[in-house]
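# Observations on the three-dimensional arrangement
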Amino acid sequence: MTTLHDIATLTLHKYYGDYFFPEDDSGFTGEFLVPGFPVETLSVKARENTISVSATPNESMAAKNRIGFEVTYSFADYADVSKVKAELNLGVLTVFIPKKKDSGYSKVAIKT
């Protein structure tokens, strides 16, 4: 049986390859497909450089054999996990972790 976690993992692999939270200049963004999950059944927890995302089916969902998931990701020390933002829109949970303002890292231009 394919679980919601499998679907989320396959979807993320389809769009992002092995990078579940692709990085851009502002931070890291991950998307999770959670159709039918009410916001109160979703959880995003931040601790140190780690983010945990979970979806727990409520009683009516469990009666319909809906299965939840829990995944944990670790980030580089320049990710500002204390300022994580999460938004649920049309069955997609988007989680954004900004980069620290003064990370000590700078982008180096490569000349060709």
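### A short note on the sheet that holds strand β5 (residues 85-89)
Strand order in the open sheet made by the three strands is β1-β6-β5, with antiparallel pairing throughout. The open sheet has two edge strands with one neighbour each: β1 (27-33) and β5. Along the sheet, successive strands turn relative to each other by an average axial angle of 15°, direction set aside. Strand direction decides the pairing type here: β5 and strand β6 (residues 92-98), joined by five bridges, are antiparallel.

### Points about the nonpolar core
Phe21, Phe32, Val34, Val53, Phe75 and Ile97 are the most contacted members of the largest nonpolar core, which totals 20 residues. Looking at this core, the elements that each hand over two or more residues are β1, β3 (50-55), β4 (69-74) and β6.

### Quick look at the pattern of salt bridges
The tally for this structure, following the rule as stated, stands at two salt bridges. For Asp80, the salt bridge goes to Lys83, with nearest N and O atoms at 3.7 Å. For Asp80, a relative accessible area of 12% puts it in the buried group. With a relative accessible area of 49%, Lys83 lands in the partly exposed category.

### Notes on the side chain of Ser54
With respect to the helices, strands and loops of the structure, Ser54 is situated in strand β3. Judged by its relative accessible area of 14%, Ser54 is buried. Apart from the residues lying within four places of it in its own chain, the contact partners of Ser54 are Thr41, Leu42, Ser43, Phe69 and Glu70.

### Here's the deal with the confidence of the model for the protein
Segments scoring low in pLDDT should not have their predicted coordinates read at a detailed level. Looking at the protein, the pLDDT average stands at 79 and 79% of residues meet or exceed 70. Ranking the helices and strands of the protein by mean pLDDT puts β5 first, with 93, and helix α1 (residues 4-16) last, with 45. Counting interchain partners and residues more than four positions distant, the pLDDT-below-50 stretch residues 4-19 has 25 contacts.

Conventions used here
- Residue numbers run consecutively from 1 along every chain, following the written order of its sequence.
- Residues qualify for local features only when their pLDDT is at least 70, as the model is predicted, and side-chain atom pairs are given and counted only at 80 or more; totals for whole chains, interfaces and linings, by contrast, use all residues.
- Note that water and hydrogens are dropped before the side-chain values are worked out from all heavy atoms of the structure.
- Two strands are said to pair when DSSP picks up at least two bridges between them.
- The helix count covers DSSP runs of H or I at least four residues long, the strand count covers runs of E at least two residues long, and both are numbered beginning at the N terminus.
- For helices, the axis comes from a line fit to the C-alpha atoms of the stretch in contact; other axes are also lines fit to C-alpha atoms, and the angle between any two N-to-C directions lies between 0 and 180 degrees.
- For this analysis, a nonpolar core means a set of buried residues of the types Ala, Val, Leu, Ile, Met, Phe, Trp, Tyr and Cys, connected via side-chain atoms within 4.5 Å.
- Per-residue accessibility, obtained with a 1.4 Å probe over protein chains only, is compared with the maximum for each type, and a residue is labelled buried under 20%, exposed over 50%, and partly exposed between these values.
- Salt bridges are defined by distance alone: a side-chain nitrogen of Lys or Arg within 4 Å of a carboxyl oxygen of Asp or Glu.
- Throughout, a residue-residue contact means that at least one pair of heavy atoms, one from each residue, lies within 4.5 Å.
- Confidence of the predictor at the level of single residues is captured by pLDDT, which takes values from 0 to 100.

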